[in-house]
Amino acid sequence: MSLSKIYTPLILAGAFLFNIIFWQENLALNALLFDAFILSAVFYCYPRASGDSIARWMLLIHLLCLLGLLWNNTVVSKIAYCSSLLLFIGFAQYVHRSVWFAGGSVVMNFLLFIASFSEQVRNKSKINKKSTAGRFIRFAIFPLLLLAIFFLIYNFANGVLAKWTAQLGTQIDKLFLKFFDRFSIDRILFLILGFYITGSILLRTKLKALEQKEAGLSDSLKRIRMFRGKAQESWWYDIVSGVMGKLGKGVMALKNENIVGVISLVLLNILLLFVNIIDISHLWINFKYTPDVNLFAMIHEGTELLILSIVLAMFVLLFFFRGNLNFYTKNKWLKIGAYAWIVQNIILVISVFIRDYHYIIQFGLAYKRIGVLFFLSMVLVGLVTVFIKIQYKKTGYYLLRVNAWAALVLLVFGSMVNWDVYITKYNIAHRTTAPLNLPYLLTFSDKNLPVLEDNRQLLREREKELNNTNIKLARCTDCIDAILDSRKNNYLKEQNTYTWLSWNLADAAIKKQLEATMSNKISKQ
Amino acid sequence: MLSVAFYIWIRAITLNALLFGLYSIREAGISFIMVMGGVFIGSLVCTLPLLPIIVICLKCFYVLPYDTSDKLPWLAFVLMVTAMAFYMMLSLLLQVPLFNGESFVVWLIAISLFSVLMAVFWTRKPIVNFKVTN
């Protein structure tokens, strides 16, 4: 069977498989089955993928995400699984090096699926060129329209016909109801969704714009001599000439820009030096937490603004090193200023890390605090890549490409940890140094139920403490037992609606433990 | 391009009014003509802001590297999604749930989607001719 002929049966098979394995199930073991189908189909339809090193790396990342999904089954692992599968498809079907472009190509797959599928079907049925169905429809439209109009007139004029029509209508209604009783409309819509998703994954578009665009991009900056007229068309030119006026124009423009850059970086470095000295003396060396320190304001306002300043700093550097200043022979001081500013920004990142650390020590772990750690890691990678960009004359494309890969690696790491369980365990273990935020722990998914169950007595005591300060977990007092029992029951009920297709290690372990505690309770009673 | 978009739009709302009028015969009797007129005027007023969206879709249509016979189903699909999104936005604005078990709402949506599909294929010639002449 030729390749073009196999797409339609593959998509249909994929749609039915999707419908069978995902309908009213949790994304877990069924993902493995779907992966087996999709990956074999992709390697069969796009043999180039097996020889492409980036596609193979992406496959490894995807398999790690699948492992994370089967191991932890958290929301992050589900997001990581789906995004890594789609990115693998992008790298397997198209020639890309960047995650951005591969992602863009997959988005185009989804947007243009109908056109791609129509082309497949048309190519397949090219043998029956003269479509008899089309001719039949054209012949039938006018007579059918006439028939409908006269039928309506007779229907109003003749009572018996009207009665029969009403009866026929009722019968048709019943027929539809019977059909939808057996095949629910939701299930049919789910089948269509499966068809669309499988089709978009398996069929690549005819669009080559993104591939061509990326093929024209390089990691290393090249010096391009641009005529003044052409240079004046760019929006950068508008900004520079708007800010610098006459100094930004003419043959001396590059020299003037270099001077402006050096002055800006010297001033910014001096300013940041003061900030860093304050941070080092107050935060790094002499910090001692006392209740009068408003740690909340220090972290939330401070962290957000500092992160914004670091990101802005990267943009400022990218602005100065966007083009010909990279090749300007007298840019030594500009480069030194830039490196100094990068180093100072790294110190600032460390200060934010320390702020977050103090906050975690005083108040325990939380998603936002972990999010700050992830974001700071990304910023750190960003600063290092900006340094490489300036030092080795790299392009903005390089910067975006490397940082996107770093973000992907972080996502994979994020999918490997069961954060709900980790945060709960950490906060319970450190309850003596950081007050246990019980209402917050109860907002987590059911994944932390066994940990809460193991520490029931401790939670009861904490609830009493909270009740004494007028903080209630629900509308009742001393209701932690009721809350936990109700959550346990709901969780077990929900798990019992799933089949083996939703199996994953985390849920299996939780289910086993909860069922054991419940049976113990019953036997004690 | 606006004229082609206008063709698609006016044909879709005409078909929608016609078909929904026919659907309402069982309930409304001879007043189905009133229903038809009401739906037509209502859609004329409410869906006017969708014209620029149809123009954008047509612009994409002419750029896509596919055969016209493959792009037409794509255009129909995109416009059907737009129509569905329009209904969802309307339900959000009016704070009325879209699928509240009222069968006439489901029928209205189904008929609208069918009308959009038919309108695109009905306007096939103006769509293709626009590409040839421009």
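It should be emphasised that the depicted structure is a prediction, and the values quoted were computed from it without experimental measurement. (Residues numbered from 1 in each chain as written. Chains lettered and ligands numbered in written order. Predicted model: local features only at pLDDT ≥ 70, side-chain atom pairs only at ≥ 80, totals over all residues. Heavy atoms only, no water.)

A. Structural detail: the overall build of chain B. Of regular secondary structure, chain B possesses seven helices and zero strands. Overall, chain B shows an N-to-C arrangement of helices and strands of α-α-α-α-α-α-α. The buried share of chain B, reckoned over its 134 residues, is 44%. Each charge class in chain B can be summarised by its mean position, and for the 7 positive and 4 negative side chains these summaries are 14 Å apart. (Helix = DSSP H or I, 4+ residues; strand = E, 2+ residues; numbered from the N terminus. Buried < 20%, exposed > 50% of the residue type's maximum accessible area, 1.4 Å probe, protein only. Lys, Arg positive; Asp, Glu negative; His and termini not counted. Charge placed at Lys NZ, Arg CZ, Asp CG, Glu CD.)

B. Broad picture of the overall build of chain A. Within chain A one finds 24 helices and zero strands. Within chain A, buried positions represent 42% of all 525 residues. The long-range share in chain A, meaning contacts at least 24 apart out of those at least 6 apart in sequence, stands at 77%. (Contact = heavy atoms within 4.5 Å.)

C. A look at the environment of Ile277 of chain A. In this fold, Ile277 of chain A is placed in helix α14 (residues 253-285). As a C-alpha pair, Ile277 of chain A and Ile347 of chain A span 70 residues in sequence and 9.9 Å in three-dimensional space.

D. Representation of unusual backbone geometry. All names here are of chain A. Located in the positive-phi region is Asn73, a residue other than glycine, with phi close to 50 degrees. Here Asn73 shows up in the loop between α4 (53-71) and α5 (75-93). Exposure remark for Asn73: the relative accessible area of 3% places this residue in the buried category. If you check the backbone angles, Lys393 has positive phi at about 55 degrees while not being a glycine. Looking at the secondary structure, you find Lys393 in the loop between α17 (367-391) and α18 (396-415).

E. Looking closely at α17 of chain A. All names here are of chain A. With 25 residues, α17 extends 36 Å between its outermost C-alpha atoms, agreeing within 8% with the 36 Å of an ideal straight helix rising 1.5 Å per residue. Of the residues making up α17, those classed as buried are Arg369, Ile370, Val372, Leu376, Val379, Gly382, Leu383, Thr385, Val386, Lys389 and Ile390. Directly beyond the C-terminal end of α17, a positive phi value near 55 degrees is found at Lys393. (Expected span 1.5 Å × (residues − 1).)

F. Representation of the interface of chain B and chain A within the structure. Across the boundary between the two partners, chain B contributes 15 residues, which contact 16 residues of chain A. Taking both partners together, chain B and chain A bury about 1500 Å²; carbon and sulfur atoms supply 68% of that area. Across the chain B-chain A interface, the total number found is one salt bridge. Where Arg122 of chain A meets Asp70 of chain B, a salt bridge forms, and the shortest distance between an N and an O atom there is 2.8 Å. Seen at the junction of chain B and chain A, the total is eight residue pairs in polar contact (both at pLDDT 80 or more). Among the elements of the structure, α2 (25-28) and α5 (68-94) of chain B are those that each provide at least two residues to the side of chain B that touches chain A. With five residues, α5 of chain B is the largest single contributor of residues to the side of chain B that touches chain A. Taken together, the residues of the side of chain B that touches chain A sort by class into ten nonpolar, two polar and three charged. (Buried area = accessible area lost by both parts, 1.4 Å probe. Salt bridge = Lys/Arg side-chain N within 4 Å of Asp/Glu carboxyl O. Polar contact = N/O pair within 3.5 Å; in protein donor to acceptor, adjacent residues only side chain to side chain. Nonpolar A, V, L, I, M, F, W, Y, C, P; charged D, E, K, R; others polar.)

G. Structural view of the nonpolar core. Ranked by internal contacts, the top residues of the largest apolar core, which has 89 residues, are Ile38, Phe88 and Leu202 of chain A together with Leu58, Trp74, Leu75 and Ile127 of chain B. Contact partners of Leu58 of chain B, with chain neighbours within four places excluded, come to Met1, Val4, Ala5, Ile8, Leu75 and Ile127 of chain B. By size, the runner-up hydrophobic cluster in this structure holds 28 residues, among which are Ile307, Leu317, Phe319 and Val372 of chain A. (Core = buried A, V, L, I, M, F, W, Y, C linked by side-chain atoms within 4.5 Å.)

H. Highlighting the packing of α17 of chain A against helix α19 (residues 419-429) of chain A. All names here are of chain A. Orientation of α17 relative to α19, taken along the N-to-C sense of each, is 110 degrees, at an axis distance of 11 Å. When the interaxial angle is binned, α17 and α19 end up roughly perpendicular. Crossing of α17 over α19 shows right-handed handedness. Residues Tyr367, Ile370 and Phe374 of α17 pack against Trp419, Asp420 and Ile423 of α19. Along the lines of polarity and charge, the residues of the contact of α17 with α19 split into five nonpolar, no polar and one charged. (Axes fitted to C-alpha atoms, helices over the stretch in contact; angles between N-to-C directions. Parallel < 35°, antiparallel > 145°, perpendicular 65-115°, else oblique. Left-handed = near helix turned anticlockwise from the far one by under 90°.)

I. Representation of α5 of chain A. Residue and element names in this part refer to chain A. Helix length check: α5 (19 residues) gives 27 Å between terminal C-alpha atoms against 27 Å at 1.5 Å per residue, within 8%. All of the buried residues along α5 are Ser77, Ala80, Tyr81, Ser84, Leu85, Leu87, Phe88, Ile89, Gly90, Phe91, Ala92 and Gln93. Check the buried side of α5 and you find it contacts α2 (29-45), α3 (48-51), α4, α6 (99-111), α10 (185-202) and α18.

J. Looking closely at the packing of aromatic side chains. Residues and elements named next belong to chain B. Summed over all chains, the structure comprises 28 aromatic pairs over all chains. Ring centres of Phe20 and Tyr23 lie 5.5 Å apart, and the angle between their planes is 40 degrees; on these two criteria the pair is classed as tilted. Separated by three residues within a single helix, Phe20 and Tyr23 lie in helix α1 (residues 2-23), roughly one turn from each other. Exposure remark for Phe20: the relative accessible area of 8% places this residue in the buried category. Tyr23 sits in the partly exposed class, given a relative accessible area of 29%. (Phe/Tyr/Trp six-rings, centres within 6.5 Å; stacked < 30°, edge-to-face > 60°.)

K. The arrangement of a nonpolar patch on the surface in detail. Residue and element names in this part refer to chain A. A cluster of nonpolar residues, Leu168, Ile172, Phe176, Phe179, Phe180, Phe183, Ile185, Leu189 and Ile192, forms a patch on the protein surface that exposes about 860 Å² of accessible area. Those elements giving two or more residues to the nonpolar patch turn out to be α9 (159-182) and α10. Among the elements that line the nonpolar patch, the one with the most residues is α9, at five residues. Tracing the chain through its elements places Phe179 in helix α9. Take Phe179: its relative accessible area is 40%, and that puts it in the partly exposed class. (Patch = residues over 30% accessible without salt bridge, like charges linked within 9 Å, V, L, I, M, F, W, Y side chains within 5 Å. Areas by Shrake-Rupley, 256 points an atom, 1.4 Å probe, with all protein chains shown as cover.)

L. Fine view of the environment of Ala157 of chain A. Relative to the assigned elements, Ala157 of chain A resides in helix α8 (residues 132-157). You can call Ala157 of chain A exposed: its relative accessible area is 68%.

M. Quick peek at the pattern of salt bridges. Residues and elements named next belong to chain A. Taken as a whole and judged by the stated rule, the model has 14 salt bridges over all chains. When the shortest N-O distance is used, the salt bridge between Asp485 and Arg456 registers 2.8 Å. A residue pair is termed long-range when its members are at least 10 positions apart, and Asp485 in helix α23 (residues 480-497) and Arg456 in helix α22 (residues 456-468) qualify at 29 residues. The class for Arg456 is buried, based on a relative accessible area of 9%.

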